[in-house]
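Here are the chains, one letter per residue:
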Amino acid sequence: MAEPILSVRNLQTQFAAQEGVVHAVDGVDFDVFEGRTLGVVGESGCGKSVTARSILGIVESPGRVVGGQILLRPAKGGAPIDLLTLSPKAMRDIRGPEIALVFQEPMASFSQYYTIGNQITEAIRLHMGMDANAARARAIDLLDMVGVPQPSRRVDEYPFQLSGGLRQRVMIAMALACDPRVLIADEPTTALDVTTQAQILDLLRELQQKRGLAIILITHDMGVIAEMAHDVAVMYLGRAVETGPVGEIFSSPKHPYTRALLRSIPTVLAKPRTRLPTIAGSIPHPFNRPTGCPYHPRCSEIITGLCETAEPPAVGEASREVRCFLHGGRP
Amino acid sequence: MIAFLLRRLALGVMTIWLISVLSFVIIQLPPGDFVDAYIAQLASSGSSVSAEEAQAMRLQYGLGQPFYVQYGKWISRVVVGDFGESMEWRRPVTQVIGDRLWLTLLLSLGALIVTWTLALPIGIYSAVRQYSVADYIFTLVGFIGIAVPNFLMALIIMYFAFKFFGASVGGLFSAEFAMAPWSWAKAWDLAKHLPLPAVILALGGTAQLIRIMRANLLDELRRPYVVTARAKGLSETRVILKYPVRAALNPFASNIAYLFPYLVSGSIIISIVLGLPTVGPLLVKSLVAQDMFLAGTIVLLLGVLTVVGTFISDLVLMWVDPRLRHQMD
Amino acid sequence: MFGFITGRRAPQLSKAERFAVATQLQLTWWRFRRHKLAMISGVVVLLFYGLAIAADFLATTDPHATDARTSYIAPQPIHFFDEDGAFRPYVNGLKGVRDPKTFKLIYTIDPNRRTYLQFFAPGYRYSFLGIETDIHLIGLKNPQRGDGIYILGTDLLGRDLWSRLMVATRVSLTIGLIGVSISLFLGVLLGGVSAIYGGVVDTVIQRVIEVVRSMPTIPLWLGLAAALPNSWSVMQIYFAITIIISLLAWTDLARVVRGKFLSLREEDFVMAAELAGASQGRIIFRHMLPSFASHIIAAVSLALPAMIISETSLSFLGLGLRPPAISWGILLQDAQSIQTLALAPWLLASAVPVILVILAFNFLGDGLRDAADPYG
């Protein structure tokens, strides 16, 4: 396989709160490739969104990236650069032209005080050095590309004048404004109804094929993963517990958590009047992080005496890793 | 948008009407009818009124008739600019008030400008650098600004100015201009005297507005659109000034509507302490002397002034908030 | 719950469980306790109200007694120990001097004379909680003609500022309290009615609130207050002023009540009560009121200082309470002109309790408001 465009190695992000330190991201590894989609999946609060923000260097105080590497392969080739070592100024030139972000809440993610044209052209003028007219023309092209009807009229409208689906299209147009190579989509379809959701996913796939975009798709929805992702990283409590190609994750999941996640997908093949399996318990409070394997209190296949005390290391080859003593790595 | 404007306009007219009724109640309140009061006033100053004259006056003001008839007669003269005569000064009320109304307006506007120019940057700074030393200092000073009533502030500043500089602060004009007709020199003199009372008047409102601005901006700073702006690679200053500050300005603008009446109210009381030639001292004097037409007129005019100010602030609000502008779309 | 499962009874609720079952007021109180400045302010406010109750006991001289000869006496500090360090509190006595120009007899402080003080000394008669007494905290031991204690000095008419300040504190603080009660009643009533009935009633009340809020209050107060007849007694004026002030101050409370009512109505627990068939009265008083009581307490403690400022301002302008009533505003009225202040700067002392109390109320209200959102 080709070189990854973006590699995240042992990323650690912490939030210092009054009650203690929260390890929101605690040693995450994954690779993203050109023209492929990496699905990052997990329950709410597992550190998916913080991972996305850590990559872009926009974790909000009191959060801080405390360790690891985020390696971006430059467009012109050469050795990868570690984004964590860049100055704030240099990092600003990464956001937009290299890596862009699409959010969950298209309404809240736009300012209601400026037209969408204003909010799109801003980045174009900043990073591509275009004048106002050229930037506006480009904004209209982008709107057209993401399927906004009447783009030359819409460009002067405010976000609150658009429907939810249109807003998410505009959001994608804004993210693509400076031709990024990596697009991080943080739950891009959660706030939308099912039909619109399918349209937005189609659009993302189409854009990926046309431009060779690398996409990191963050979601809690296994269905979306099955439809969109080439590779999958399953996250639990700030850690990637299993990674691998989407086919293998679905056909032969290794980690008990991955299996539990897959079991809880509703399916038309299930027997009528059976309960949908759920995962026992809930995610522990961030301050009460369990010792040993973080999943052990909820795990049905716990190896008593081992999982409570020791943390399972990642085992397997780079493209297919799992952190579970059931699959090796016992001390 | 038109609907919004019409609604605000209707509300303004209603407020003015209510204030006019209240003003008339104030005129009516002292015991006895005011022709009696007028005659007594004249008698005490040595002149007298004949019984026919008194009767003619009673007829003219509709005394003895129901309240609404009297109010009707009074208000129909008020709309054409006849506010009646001051009993104490024996001159038309409008003449007695003269420039004082405009000076009141000027002082209140001055205070409004001071309030904004102080509260805006301080509020932004306090929110962006939350819990910094400067934030704590501004919060403390702000609390003192809220806690010290502005007449006390005026009194204390006056005392210290007298004690340490031997200077008597106060007044809006130097002695040589006080009675002089308007000229550029007089206007310049006014411009030199205006800042101190304007600042004193502005302090309480500034403190409140800083807290409002700080709280709003802290709210806005946590919104997703700020992250969007950061994700575009904008510089932090640009992100904050263009997005959250812009959103936090909105309640700021809608606050003028309540700030302005507050300032007009405050101007009355600090004018008395600082001896400013606004309508304040005149109002208190006329109320104490029961010079009711003068007092009622001042209350009415101040009310109208406030309502107009509020309406203008609504226009500003509409101008800054695209959602209001596009409500009709 | 977990205790039950493992077969042993939980001797005490865990911290998290205590948190979960606490009432809104308990939560507010727990959170409030962490707010140091607000706690201190609460104590200050309580002290001031204690002082208001015991005003006459703390006064040293009849606050209404005038004496032209003791006009503008500077503050006499109390010395607690004499030279040899023994605890024998005294003040320097007064001596009569004849003014060389006007030949008027005036008193000044004589550093060579000492008048000793005693605790629980007899003084002017007053009634405390229905008991007639003449005991005061401090008084002169064997007072002779012309002796007096003037801790904060005297005013033009020779009245003791300390004693007047004590009584003024009572008057100004109670006006605030009564005024807030009236405002609260109006606010809860109109805000509640507005929220419960909605529709036209709501619209009308909301418009009235907007209209009242956009009126300049001080000119209106002045106008209404000035119309109070001169023949009214001190008590009548006191209540009339209180009502005038509270009439224009209820709007904020009404807004808080209405807003809270509307948001609570959407809450699941209110819905649950409705489905369970609880009457409207029960829902309001049993379910809704307790959950916004803390918000109301916070709003009240922010409205109180505004009331106090209003009374003080009105009286200061000579259109509020009128002498012989004593309030902070009336005391400050004496300090209005710079000439007087140059002669007797101690008259500004009345400003200190005003600022302290208002500051304390603001901190307190702020702390309460923060605490009122325990889950926020």
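These numbers come from a predicted model, not from an experiment.

## A few points about the interface of chain B and chain A
Taken together, the contacts link 25 residues of chain B with 27 residues of chain A. Of the roughly 2300 Å² buried between chain B and chain A, counting both surfaces, carbon and sulfur atoms make up 61%. Our count for the contact surface shared by chain B and chain A stands at three salt bridges. Of the charged contacts, one joins Lys232 of chain B and Glu122 of chain A as a salt bridge, the two residues approaching to 2.8 Å between their closest N and O atoms. Where chain B meets chain A, there are nine residue pairs in polar contact (both at pLDDT 80 or more). Of all the elements in the fold, those that place two or more residues in the side of chain B that touches chain A are helix H12 (224-231), helix H13 (236-242), helix H14 (244-274) and helix H17 (322-325) of chain B. Here the side of chain B that touches chain A gets six residues from one element, more than from any other, and that element is H12 of chain B. In the side of chain B that touches chain A, the residues fall into ten nonpolar, five polar and ten charged.

## Quick look at the nonpolar core
By size, the foremost hydrophobic cluster in this structure holds 158 residues, and its most contacted members are Ile97, Leu155 and Leu287 of chain B together with Leu222 and Leu321 of chain C. Broken down by element, this core gets its largest block of residues, 15 residues, from helix H12 (residues 280-316) of chain C. When neighbours within four sequence positions are excluded, Leu222 of chain C is seen to be in contact with Ile268, Leu283, Val284 and Leu287 of chain B together with Leu314, Leu317 and Leu319 of chain C. Counting 73 residues, the second largest nonpolar core, distinct from the first, contains Leu142, Cys178, Ile184 and Leu192 of chain A.

## Notes on the sheet that holds strand E7 (residues 182-186) of chain A
Residues and elements named next belong to chain A. One open sheet holds the seven strands; their spatial order is E6-E7-E8-E3-E9-E10-E11, and the pairing between them is mixed. Taken across any chain shown, the strands that pair with only one partner, and hence form the sheet edges, are strand E6 (99-102) and strand E11 (321-322). One ladder, built from two bridges, connects strand E10 (residues 239-245) with E11; its direction is antiparallel. Paired with Thr243 across the bridge in E11 is Glu321. The strands touched by helix H10 (residues 256-263) within the sheet are strand E9 (231-236) and E10, with E9 carrying the most contacts at an inclination of about 105 degrees.

## Comments concerning the domain arrangement of chain A
Quoted interface sizes are often the accessible area lost when the parts come together. Residues and elements named next belong to chain A. When the domains of chain A are assigned, the result is domain 1 (6-98 + 180-327) and domain 2 (103-179). In this structure, domain 1 and domain 2 have C-alpha centres spaced 28 Å apart. Contact residues are listed per partner, giving 23 residues for domain 1 and 15 residues for domain 2. Buried surface at the junction of domain 1 and domain 2, both sides included, amounts to about 1700 Å², of which 66% is carbon and sulfur. Ionic pairing is found between Arg211 and Asp179, a salt bridge with its closest N-O pair at 2.7 Å. Viewed at the interface, domain 2 and domain 1 are joined by four residue pairs in polar contact (both at pLDDT 80 or more). At the level of secondary structure, the elements contributing two or more residues to the side of domain 1 that touches domain 2 comprise helix H2 (88-94), E7 and helix H7 (194-211). For the side of domain 1 that touches domain 2, the leading source of residues is H7, giving seven residues.

## Looking at the environment of Glu88 of chain B
Checked against the element boundaries, Glu88 of chain B lands in the loop between strand E1 (85-86) and strand E2 (91-92). C-alpha of Glu88 of chain B to C-alpha of Ile298 of chain B: the two residues are 210 residues apart in sequence and 15 Å apart in space.

## Side note on the sheet that holds strand E5 (residues 81-82) of chain A
Residue and element names in this part refer to chain A. Strand order across the open sheet formed by four strands is E2-E1-E4-E5, with antiparallel pairing between neighbours. Only two strands of the sheet have a single partner each, and these edge strands are strand E2 (20-32) and E5. Direction of pairing for strand E1 (residues 6-17) relative to E2: antiparallel, over a ladder of ten bridges. Residue Gln12 lies in a different strand from E2, and its bridge partner there is Asp26. Against the sheet, helix H1 (residues 48-56) contacts E1, E2 and strand E4 (63-72), and its axis sits at roughly 110 degrees relative to E1.

## Details of the confidence of the model for chain B
Across chain B, the average pLDDT comes to 82, with 91% of residues at or above 70. This complex was scored by the predictor with a pTM of 0.78 and an ipTM of 0.83.

## A few points about the interface of chain B and chain C
Taken together, the contact between chain B and chain C spans 42 residues of the former and 39 residues of the latter. At the boundary of chain B with chain C, total buried surface from both sides reaches about 3900 Å², with 80% on carbon and sulfur atoms. When the area that chain B buries against chain C is broken down by residue, the three leading residues are Phe143, Tyr159 and Tyr258 of chain B, summing to 15%. Between the two partners, chain B and chain C, sit zero salt bridges. Contributions of two or more residues to the side of chain B that touches chain C are made by helix H1 (2-28), helix H7 (133-147), helix H8 (150-165), H14, helix H15 (279-288) and helix H16 (292-320) of chain B.

## A few points about the packing of aromatic side chains
Tallied over the entire structure, the rule returns 22 aromatic pairs over all chains. Here Tyr49 of chain C and Phe361 of chain C contribute two aromatic rings whose centre-to-centre distance is 6.5 Å and whose plane-to-plane angle is 80 degrees, an arrangement assigned as edge-to-face. Of the two residues, Tyr49 of chain C sits in helix H4 (residues 36-53) while Phe361 of chain C sits in helix H15 (residues 351-371), which places them 312 residues apart along the sequence. The same class applies to Tyr49 of chain C and to Phe361 of chain C, which are both buried. Over the ring of Phe173 of chain B we find Lys186 of chain B; its NZ or CZ atom is 4.7 Å from the centre of that ring. Seen from the ring of Tyr114 of chain A, Lys242 of chain B lies directly overhead, with NZ or CZ sitting 4.8 Å from the centre.

Reading guide: rules and limits
Residues numbered from 1 in each chain as written. Chains lettered and ligands numbered in written order. Predicted model: local features only at pLDDT ≥ 70, side-chain atom pairs only at ≥ 80, totals over all residues. Heavy atoms only, no water. Contact = heavy atoms within 4.5 Å. Buried area = accessible area lost by both parts, 1.4 Å probe. Salt bridge = Lys/Arg side-chain N within 4 Å of Asp/Glu carboxyl O. Polar contact = N/O pair within 3.5 Å; in protein donor to acceptor, adjacent residues only side chain to side chain. Helix = DSSP H or I, 4+ residues; strand = E, 2+ residues; numbered from the N terminus. Nonpolar A, V, L, I, M, F, W, Y, C, P; charged D, E, K, R; others polar. Core = buried A, V, L, I, M, F, W, Y, C linked by side-chain atoms within 4.5 Å. Buried < 20%, exposed > 50% of the residue type's maximum accessible area, 1.4 Å probe, protein only. Pairing = 2+ DSSP bridges. Axes fitted to C-alpha atoms, helices over the stretch in contact; angles between N-to-C directions. Domains from an automatic or database assignment. pLDDT = per-residue confidence, 0-100. Phe/Tyr/Trp six-rings, centres within 6.5 Å; stacked < 30°, edge-to-face > 60°. Lys NZ or Arg CZ within 6 Å of the ring centre and 35° of its normal.

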